[in-house]
Each structure stands twice: as C-alpha cells, then as structure tokens.
Amino acid sequence: MYETRAYSAAGAASPLAATTIPRREPTERDVQIEILFCGVCHSDLHTVRDEWHDVMPTVYPCVPGHEIVGRVTAVGSAVAGHRVGDVVGVGCLVGSDGTCPQCRAGFEQFCPNGVFTYNGADRHGTAPVTYGGYSGGIVVDQDFVLRMPGNLDLAAAAPLLCAGITTYSPLRRGGVGPGKKVGVVGLGGLGHMAVKLARAMGAHVVVFTTSPGKAEDALRLGAHEVVLSRDAGQMGRHAGSFDFILDAVSAEHDVNAYIHLLAPGGNLTLVGAPEKPLPVAAFGLLFGNKSLSGSLIGGIAQTQEMLDFCGEHGITADVEVIPIQKINEAYERMLRSDVKYRFTIDMASLKG
Ligand SMILES: [Zn+2]
Ligand SMILES: [Zn+2]
C-alpha cells in the first residue's frame, strides 16, 4: 500500500478537508491512474452528509468522486487495452463479479457483488470502503477503466462518467432518434446533458422548466422548444405528443402532468430521486398503454459507447472548474442550483 493525497469528510456534519488515504499497489489486473479532473455529482453531497442512510449508510472517512478523468501511470502485467500515458475515465463502478446474469447482460450496476467507486465494500481490504476521485490517484481493475476520446476537453468531459451515462442510457433505451419527439424535464447537471445527447441523436427536443430565465440557455444547449411547465396553455398544446420524456427532477413535482403529454405507447423515465413517493394516476397510464420507468447509470460497455458517441459529436458538459479548496463552497452553491451546469475539480490544486 501507499499513501495519496485526498479530501475526505470525517462525519455527516463535517466539511471536506485535506488528508491522505491508502491505495493498493497495482495487482496484475490493475491500472494505476493519476487523477486530473473529477466532476462533482449531487450523489457526492448526499453520501458525504449520509442522506441515503437507509439505503447505503456512509462509512467515514468518506472520499467521494465518481466522475474521474486521469492519466495512466502504471499497469499490471495482465492488463490489455490500457498503457502508461493513456487518458482514461472511471465512473460510478470499480468492480463486479463478472459472472451473474446482470453482469453477463452488461448491467454491472445491478450486480449483487458490484462495487461502487466510493463508499463501496473494498474487496482488496485497502480500507473499510472504497475511496473515490477527490484524490491524487486511484487504482482500478482494468475492466472498469474507460478510454477517453482524444478530442474532448478533459475538465468538461469528466461529468460524462456519471451525468453523461445516466442520461445516455435511458435515451437509448427509449429509442430516441430521428423522427422522435423527446422531452427533458429539469435543466440541471443531468438535464443539460440529456438535451445535448438527445439533440445529437437526431430527435426533436423540448425542455420543460419552471424558470423563464433558463429558456435561452436551453435553446443554446440544443433544445428546439422550451415549455414553461407552470403555464397550462403551453403544456396543453403538447398533450399526447411525446414518444419519450426524461425526468431529471429530484424535487417534489407532478409526474401526471408529463404522463399526460406522452403519445400512446410513450414512456416517462425518472433519473432524479425525489425524497417522497410520487403519486401516479393509473388512468393516465392506462389510456394509451403508457409506461413509467426508472434508470440508474449504465453498464461498462454502454459507458464506453457513450464516451465514443460524445467524442464523435464533440459533446461535453458545461462546467465551472474549481480548485479542491473550494469544494465545500461548491456544495452550498450546488444546493442552490447556482452552477452552470456542473462543477469539475482541477486535481492539480491538490498539490498546492
Ligand atoms: Zn453521480
Ligand atoms: Zn455480477
């Protein structure tokens, strides 16, 4: 084992602060990565503050970060496909058993033995739990290391590893493409990625927002139309017309209003996680064979497919790059939605 610099939280009420953490010596299957950039995901904040205690209690110290872009500094003898000097990515997963039906179907995120990049059971025994990307380096099994397209700005590409795949996967499952009318509800970290991706897939993209101030930005990001969701007249004009709607809102809101906008056979997929259960009117689904779904990140093969797609279409997140020393302030701003549209930490700041 060796030590690397990191930022960790000591408890649910503690701010993140500088520390050192252990990393394992690379095994023959491992890739050792110097982290260049790490995106800041809302899940980081939830985990640091133990807000998902009932589902996934946080083990402290907690080092979050699962939107990792870095450079390979060493590879084990059995590693194929990654070489020293390569620019690579690591997302929400760093391990799975590789043998269960979910793994074999390419859904490693649902593996009963899956390992999340942080706050996951560390099977190598380096620490009680895995430590994420708010650190100088990480050691990851080769199967969970992704190839970054060479043409993308790396700071802006980091959020693709979570926000990108979280939106790409359901858009693909929803058959989004030319001739399809697609809605995106909520224009935040996830929503702004969904707009860019759905547009690049060739769909007609409509953004729903509660803030008139976001309309101009939605169009700049690639939306064809913007609908103010509190305007009944505007909503009514789109009734029964959408093939697919991606709902990226984590606050309480009325999903029935969006189910009403689906065409027969249409699907509404949730990627946000409101705290309280959502009321759903069954009749809204019955009339038109409509469906309501959820979606959680994506498997490793699809994450690589998403990165390649983003490379081909020049897609990255809109980011504000911060030094790690500003991370606690960034969390407060994220809570106020005061970011367009994702923070990315420049990990060079960790040395300062
Ligand atoms: Zn995330
Ligand atoms: Zn598995």
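Residues numbered from 1 in each chain as written. Chains lettered and ligands numbered in written order. Predicted model: local features only at pLDDT ≥ 70, side-chain atom pairs only at ≥ 80, totals over all residues. Heavy atoms only, no water.

Caption draft 1: Broad picture of the side chain of Thr-303. Structurally, Thr-303 is set in helix α10 (residues 300-313). Leave out the neighbours within four places in its chain, and Thr-303 touches Leu-146, Leu-161, Ile-165 and Gly-298. (Helix = DSSP H or I, 4+ residues; strand = E, 2+ residues; numbered from the N terminus. Contact = heavy atoms within 4.5 Å.)

Caption draft 2: View of the coordination of the zinc ion (ligand 2). The coordination sphere of the zinc ion (ligand 2) contains the protein donors Asp-97 (OD), Cys-100 (SG), Cys-103 (SG) and Cys-111 (SG), at a distance range of 2.1 to 2.3 Å. Between the four donor atoms coordinating the zinc ion (ligand 2), the angles at the centre fall across 100 to 116°, so the site counts as tetrahedral. Written as a sequence motif, the donor residues of the zinc ion (ligand 2) are D-x2-C-x2-C-x7-C. Accessibility assignment for this pair places Cys-103 and Cys-111 in one class, buried. (Donors = N, O, S within 2.8 Å, 3.2 Å for Na, K, Ca; no water. Tetrahedral: all angles 85-135°; square planar, octahedral: opposite > 155°, others 65-115°. Buried < 20%, exposed > 50% of the residue type's maximum accessible area, 1.4 Å probe, protein only.)

Caption draft 3: Up close: helix α5 (residues 189-200). Over its twelve residues, α5 runs 17 Å from end to end, which matches the ideal 16 Å to within 8%, given 1.5 Å per residue. A large share of α5 lies buried, amounting to ten of its twelve residues. Gly-189, Leu-190, Gly-191, His-192, Met-193, Ala-194, Val-195, Lys-196, Leu-197 and Ala-198 are the residues of α5 that are buried. Of the residues one or two after α5, Gly-202 is the one with positive phi, at around 100°. (Expected span 1.5 Å × (residues − 1).)

Caption draft 4: Local environment of the pattern of salt bridges. Applying the stated rule across the entire model yields 15 salt bridges. Ionic pairing is found between Glu-34 and Lys-351, a salt bridge with its closest N-O pair at 3.4 Å. Remark: Lys-351 occurs in the segment after β17 (342-346) and Glu-34 occurs in strand β3 (residues 30-40); sequence separation between them is 317 residues. Given a relative accessible area of 28%, Glu-34 falls into the partly exposed group. Using a relative accessible area of 59% as the deciding quantity, one classes Lys-351 as exposed. Among the salt bridges present, the one from Asp-217 reaches Lys-340, with a minimum N-O distance of 3.8 Å. Highlighted residues: Asp-217 in helix α6 (residues 215-221) and Lys-340 in the loop between α11 (327-335) and β17, separated in sequence by 123 residues. (Salt bridge = Lys/Arg side-chain N within 4 Å of Asp/Glu carboxyl O.)

Caption draft 5: Molecular detail of the sheet that holds strand β13 (residues 242-247). Overall, parallel pairing links the six strands, which are arranged β12-β11-β10-β13-β14-β15 in an open sheet. For this open sheet the edge positions go to β12 (225-228) and β15 (291-294), each flanked by a neighbour on one side alone. Across the sheet, the mean angle separating the axes of adjacent strands is 20° when strand polarity is ignored. With four bridges joining them, strand β14 (residues 262-270) and β15 adopt parallel strand pairing. For Thr-269, the partnering residue across the bridge sits in β15 and is Ser-293. On the sheet, helix α4 (residues 163-173) packs against β10 (181-185), β13, β14 and β15 and is oriented at approximately 160° with respect to β13. (Pairing = 2+ DSSP bridges. Axes fitted to C-alpha atoms, helices over the stretch in contact; angles between N-to-C directions.)

Caption draft 6: Quick look at the nonpolar core. Core analysis: the biggest nonpolar cluster contains 90 residues, and Tyr-134, Leu-197, Ile-327 and Tyr-331 have the highest contact counts within it. Ignoring any residue separated from it by four or fewer positions in sequence, one finds Leu-197 in contact with Gly-164, Thr-167, Tyr-168, Leu-171, Phe-309, Cys-310 and Ile-315. Among the nonpolar cores identified, the runner-up in size contains 16 residues, and Phe-242, Ile-245, Leu-262 and Leu-268 belong to it. (Core = buried A, V, L, I, M, F, W, Y, C linked by side-chain atoms within 4.5 Å.)

Caption draft 7: Structural context of the packing of α4 against α10. Closest axis-to-axis distance for the α4/α10 pair is 10 Å, and the angle between their directions is 95°. Judged on the interaxial angle alone, α10 and α4 are roughly perpendicular. Only Gln-302, Thr-303, Glu-305, Met-306 and Phe-309 of α10 make contact with α4, whose side of the interface consists of Gly-164, Ile-165, Tyr-168, Ser-169 and Arg-172. The residue makeup of the contact of α4 with α10, split by class, is four nonpolar, four polar and two charged. (Parallel < 35°, antiparallel > 145°, perpendicular 65-115°, else oblique. Nonpolar A, V, L, I, M, F, W, Y, C, P; charged D, E, K, R; others polar.)

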